[in-house]
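# Coordinate inspection notes
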Amino acid sequence: MPVLKRSAYIISAMGLLIASGCSDETEDFHAELKKAEEAMNELKLDDALLIYDDLLEDLGAGSEYSEGRSAIVSDLHAEASSMLETVEDIELDYEEAIEQINGLDPSLNEFEDYYETLTFVEGVQERFEGFTQLDMYEELETEAEKLEEVMENEIIARYKEEAEVALQNEDMSALERSIEELSSLESSAPNYVSEEMVVSLENEAEELEERYVTFPTEVEEWGKTIVNSERGLIEVAGVQDDEGQIELYIYYHDDFRYQAEQISVTPLLIFADGETVDNSNIDYTFYEDKTVQQVRFNTNEDQSLENLQRINVSVPSVDEDDIAVEFEENELDGALTIPGKRSVADLHRPSIDWTTEKYDVEIDRLKVLDNELEISGEIIPNEDGEVPEFSSIYNPETGEYNSVSPNSFMGTNSLEIYEGTQKPFEFTHSFNSSITEHHSSIGIVLFDEKKWFDLHTGEEYEPDEPAYLYELNKDPANNYEEHFNAEDQEDFISENEGLLSPQSVLFRGSGTSDFDLMERFETLEVGVEVQGETVGVDYGSTEIEFRDDEEEVLHEVTVEEDHELEHVEVNVSGVENLEIGISQDSGDEGNQHIIFEEPILNYQE
């Protein structure tokens, strides 16, 4: 039984005073009652009961006050006994509370466990009403304070820190986990996690989500080679087992990064029990140095990395048979971060202007948000007349083109302008894919002027890097193919003589393709050859013409049956739209397949 301390408990002794006399016997009786009262006040209930037992025994010997005194002492004895039973019950609850406290695992620091224990302790404390002087009560108060301190200063603080670190690292998965944990605690323990805290984190998560097209992802590094040739490397870089899904991250390096979607490595998971799972979903993310193919497999509880035997990979362009990639879990080599891609979300207020004979233009606002670009300013006419009310935009990184003509639905693309006025304009362009941090520039035709803008600064600039033909905005004919065709992978990525670089293009059949040069380039350099399997008299001949905006021929090439690689340089200075016309005469076996080996356009000095 724990030691008991002084209480505010007061015994009413009015009956004693009425029944008391002034004899020595009475004084002794009063002294014993006083001792019992002090013991009761201090909740030394066992001591008080012993005194009451002795008094009742003495009063049984008989005296003129025995009957009244016995009644009083009996009442006091009954009260002390009741209090003792209550304290014994409280002590059982106290011991259970201490047991729960001692059962907490400090290494886990699970909020729910601490909160459940604290709630139980507080319930036990409520039973101490009238008995708060007990050491048990004070000990529970101390333990409750410790629990609250751990919950607030360690567990909640850890959740907050994890959320802050996730924000700093722009780790969306970790941030979502922290928000989910804090949101759950806000519902169950609002005294410790406020709604304002959760809402604030949710808002920051939304802002972070807007900044990314794809988020960085941490997986287990594997680094298992699938293909390694002069064309480049294809490897299973990472793997992740995530609650009913196994995810593979396949990296395409070097020339293969241009051809990932067409190669489309198709893996098959094979488990130790002979069960197999093929892919359910594939995504591609393109970076400057590689392409990442994410393959997700839906698996059951018995299908995990622990019992994965191997992966069979189909790459028909490299090997007719499946490539077996053995899996050993001990081969996993730490963490691998799959990089994310930021979207561009900037508001630039440049001071850009230019002058033409008809008008001046001032651009004062350039806004980039995810897949949209807004450009606005004023056109200041130098004379009355009309200008094309037209804006087109080209993204060289994605090859996407978008044009806007506000009044085209009214049957006109013209804007009437008047000298001495200032007419505001605003054009909004949308792309299918997001504008990301890897996109450095944008080409714009505004009214009838062509300009280039730096997406990171909003300033006008003059591009001077060479560009491959496939990177241009174009209107290709059906005979035009980039990189390679899925049906003829061997000709593009195998080690046969028909090997092409990923920057090359292929023409199969007659047709005319248009390429938007925007008067930016000086020369087109290209190697013209025939794909190996269509060389010879049985495949006829081909006439190639390079034509300018007026359809005047800038250069022409005749490809005969014995044609060898010919390096061609075409002067395209001042050309806005380049036409490449292919006209073929068939042979007995069909048409030649014409290769433009690495056709590159050089900027004007």
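To start, this report covers the structure provided alongside it. Since we're looking at a predicted model, the values are computed, not measured.

## Some points on the side chain of H348
The residue H348 is located in strand β13 (residues 345-348) in this model. Contact partners of H348, with chain neighbours within four places excluded, come to D364, R365, L366, L455, H456, T457 and G458.

## A closer look at the sheet that holds strand β33 (residues 577-585)
Here five strands make up an open sheet; going across it, the order is β25-β28-β33-β30-β31 and the pairing antiparallel. Of all the strands in the sheet, just β25 (474-475) and β31 (553-559) have a single pairing partner and so form its edges.

## Some thoughts on the layout of surface pockets
Of the volumes computed, that of the second largest pocket is approximately 210 Å³. Considering the residues around the second largest pocket, the lining is formed by E449, K450, K451, W452, E460, E462, P463, M518, E519, R520 and Y603. Considering every element that reaches the lining of the second largest pocket, the biggest residue donor is strand β23 (residues 449-454), with four residues. Here the residues of the lining of the second largest pocket sort into four nonpolar, no polar and seven charged.

## Description of the sheet that holds strand β7 (residues 281-286)
Taken together, six strands build an open sheet; the order of strands is β7-β8-β4-β3-β2-β11 and the sheet is antiparallel. Taken across any chain shown, the strands that pair with only one partner, and hence form the sheet edges, are β7 and β11 (335-338). Between one strand axis and the next, the sheet turns by 35° as a mean value, whatever way the strands run. Pairing between strand β4 (residues 245-253) and strand β8 (residues 290-298): nine bridges, direction antiparallel. Looking at the pairing, Y252 lines up with T291 of β8.

## Re the packing of helix α7 (residues 172-188) against helix α8 (residues 195-211)
Orientation of α7 relative to α8, taken along the N-to-C sense of each, is 160°, at an axis distance of 10 Å. Relative to α8, α7 is oriented roughly antiparallel. Once α7 is placed against α8, the crossing between them reads as left-handed. In contact with M172, L175, I179, L182, S183 and E186 of α7, α8 contributes E195, M197, V198, L201, E202, A205, L208 and E209. Considered class by class, the residues forming the contact of α7 with α8 number nine nonpolar, one polar and four charged.

About the thresholds
Residues numbered from 1 in each chain as written. Predicted model: local features only at pLDDT ≥ 70, side-chain atom pairs only at ≥ 80, totals over all residues. Heavy atoms only, no water. Helix = DSSP H or I, 4+ residues; strand = E, 2+ residues; numbered from the N terminus. Contact = heavy atoms within 4.5 Å. Pairing = 2+ DSSP bridges. 1 Å grid on protein atoms, 1.4 Å probe; cavity = no way out; pocket = protein on both sides within 12 Å on 5 of 7 lines; lining within 4 Å. Points joined across faces, edges and corners; volume = space filled by probe spheres on them. Nonpolar A, V, L, I, M, F, W, Y, C, P; charged D, E, K, R; others polar. Axes fitted to C-alpha atoms, helices over the stretch in contact; angles between N-to-C directions. Parallel < 35°, antiparallel > 145°, perpendicular 65-115°, else oblique. Left-handed = near helix turned anticlockwise from the far one by under 90°.

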